[in-house]
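Residue strings, one per chain:
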Amino acid sequence: MPAGVSWGQYLKFMSCAVLSMMAGSQLVHMYYKPLEDLDVYINKEVEDVTKTTGIQLTGITKASSGNK
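Computed from a prediction, not measured in an experiment: that's the story for all the values here.

A. Examining the overall build of the protein chain more closely. When its secondary structure is counted, the protein chain shows two helices and zero strands. Buried positions account for 4% of the 68 residues belonging to the protein chain.

Spelled out as structure tokens, the structure:
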């Protein structure tokens, strides 16, 4: 095993590391809510691309999700 540790120690460390990363990610999403206004940014970028290039993007809806 890497660093001369046993399989048990290695698996314990890896499981603790993965669980702490998952918990941290969940806390960030619960506290900061980074994806809550994603549709606003997408609509703004679609409008900017349409204005600057004159190309209408297809397959992208401008509908609001409505889960506010």
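B. View of helix H2 (residues 38-53). For H2, built from 16 residues, the straight-helix expectation of 22 Å at 1.5 Å per residue is met to within 8% by its first-to-last C-alpha distance of 22 Å. All of the buried residues along H2 are Asp-39, Asn-43 and Val-46. In a view along the axis of H2, the buried residues occupy a sector of 60°, so they form one face of it. When the buried face of H2 is taken as reference, the exposed residues oriented beyond 90 degrees from it are Tyr-41, Lys-51 and Thr-52. A positive phi of about 80° marks Gly-54, the residue just after H2.

C. Layout of the pattern of salt bridges. All told, the structure shown has one salt bridge when counted by the stated rule. In this structure, Asp-48 and Lys-44 form a salt bridge, with 3.2 Å as the shortest nitrogen-oxygen distance. In this pair, Asp-48 and Lys-44 both sit in helix H2, four residues apart, roughly one turn of the helix.

So, how was this worked out
- Residues numbered from 1 in each chain as written.
- Predicted model: local features only at pLDDT ≥ 70, side-chain atom pairs only at ≥ 80, totals over all residues.
- Heavy atoms only, no water.
- Helix = DSSP H or I, 4+ residues; strand = E, 2+ residues; numbered from the N terminus.
- Buried < 20%, exposed > 50% of the residue type's maximum accessible area, 1.4 Å probe, protein only.
- Expected span 1.5 Å × (residues − 1).
- Arc of directions from axis to C-beta.
- Salt bridge = Lys/Arg side-chain N within 4 Å of Asp/Glu carboxyl O.

None of the figures reported here should be taken as evidence of function without further support.
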